[in-house]
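Report on the structure
Spelled out from the first residue to the last, the chains are:
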Amino acid sequence: MFITLEGIEGVGKTTLLNNLAEMLRSLNHEVLVTREPGGCTLGKTLRGLLLDSRAQLSRETELFLFLADRAQHVAEVIRPALQRGTIVLCDRYADSTIVYQGYGRGFDVETLHYLNDVAIGGLWPDRTLVLDMDPCKALARARKRNTEQGLSDREGRFEAETIHFHTSIREGFLSWAARNTQRMIVLDAADTPKGLLDQALTAISIQIPFPQPPIPKGEKA
Ligand code: T5A
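Below or above, wherever it landed, is the structure these notes cover. (Residues numbered from 1 in each chain as written. Predicted model: local features only at pLDDT ≥ 70, side-chain atom pairs only at ≥ 80, totals over all residues. Heavy atoms only, no water.)

1. What about the nonpolar core?
L16, L20, L89, Y93, L129, L131 and L187 are the most contacted members of the largest nonpolar core, which totals 56 residues. The biggest single contributor to this core is helix α3 (residues 59-83), with seven residues. Beyond its immediate stretch of four places on either side in the chain, Y93 contacts F2, T4, E6, E36, R70, V74, I78, I120, L123 and P125. (Core = buried A, V, L, I, M, F, W, Y, C linked by side-chain atoms within 4.5 Å. Buried < 20%, exposed > 50% of the residue type's maximum accessible area, 1.4 Å probe, protein only. Helix = DSSP H or I, 4+ residues; strand = E, 2+ residues; numbered from the N terminus. Contact = heavy atoms within 4.5 Å.)

If you want it as structure tokens, here you go:
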């Protein structure tokens, strides 16, 4: 089972991913939590380049670095874990490239879909949860977190983009999800962490084999 989380900055992906992993582990599932960019050894170096606000990357360079990160991540981490029967929870994946580099940077979305398909060898997620909320509120969450963790100077290349950019990314995720309703489910990220976890569990429950409660003696299944 392969589940990805998507959405704009600060919307609560990492928080939900960790809550989801804890819940699934408590149900005795083997779970791997990973992220993009930076989910494999090569990716850690690429992540530094991609998020550094001082890096002057052309949009083509940016695109192919994200794809290189993903190709290696799939080969080294995601596919082997899925083959072992592990549930993989990934913070961002191919849909981020389609939305950020497509709706955000202006590349053709169909071309990006094809390039992603090559990079991942056809390994699309079983479910993608898109966390949606007002970009101003999401960015405020991210900045508050950075201040609380003493990382206020951490603002990266994407966080430093204009509100117009973040709004077009939000709209991009909603449009792309509407074209892929069999896989992508939009969640209300303005909900509490607990409420969001409940929304996510409902969204994936049809796919995860949760243990059934024992049937009391004398009752039929
Ligand atoms: N990118 C990435 C591309 O352009 N193309 C690609 O192909 C890929 C893969 C990566 C950047 O790269 C771009 C997109 C991104 O700009 P990143 O550093 O990995 O950036 O960070 P992001 O994925 O953007 O995510 P963030 O770490 O900023 O935010 P999260 O994970 O969405 O939010 P989280 O969980 O850290 O929460 C933020 C704060 O809000 C609180 C948390 O406690 C935390 O303080 N919070 C809540 N508060 C109230 N209610 C809730 N429900 C809450 N959930 C969390």
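Moving on, there is more to tell.
2. Some details on the pairing of strand β3 (residues 87-91)
Of all five residues making up β3, five are buried, and the element is well covered by its neighbours. Here β3 shows two buried faces, one formed by I87, L89 and D91 and the other by V88 and C90. Note that strand β1 (residues 2-7) and β3 share four bridges and pair parallel. The residue bridging L5 from the neighbouring strand is D91, located in β3. Sheet topology note: the strand β2 (residues 31-35)/β3 ladder contains five bridges and is parallel. Residue pairing in the sheet places R35 in a bridge with D91 of β3. (Pairing = 2+ DSSP bridges.)

3. Observations concerning the site of the ligand
Taken together, 24 residues surround the ligand, and among them E9, T14, T15, T97 and R145 come closest. A distance of 2.9 Å separates a nitrogen atom of the ligand from a polar atom in the backbone of D191. When the ligand sits alone it has 1000 Å² of accessible area, and the protein chains cover 85% of it. For the shell around the ligand, the elements supplying multiple residues, two or more each, are α1 (13-26), α2 (41-51), α3, α4 (94-104) and α6 (135-148). If one sorts the elements of the shell around the ligand by residue count, α4 sits on top with four residues. Considering only residue class, the shell around the ligand consists of six nonpolar, eight polar and 10 charged. (Near = heavy atom within 4 Å. Polar contact = N/O pair within 3.5 Å; in protein donor to acceptor, adjacent residues only side chain to side chain. Areas by Shrake-Rupley, 256 points an atom, 1.4 Å probe, with all protein chains shown as cover. Nonpolar A, V, L, I, M, F, W, Y, C, P; charged D, E, K, R; others polar.)

4. Quick word on the side chain of R127
The residue R127 is located in strand β4 (residues 127-132) in this model. Within the buried set, R127 has no salt-bridge partner at all; the shortest N-O distance to an opposite charge, 8.0 Å, is to D126. Here Q182 takes part through its backbone oxygen, which lies 3.1 Å from a polar atom of the side chain of R127. (Lys, Arg positive; Asp, Glu negative; His and termini not counted. Salt bridge = Lys/Arg side-chain N within 4 Å of Asp/Glu carboxyl O.)

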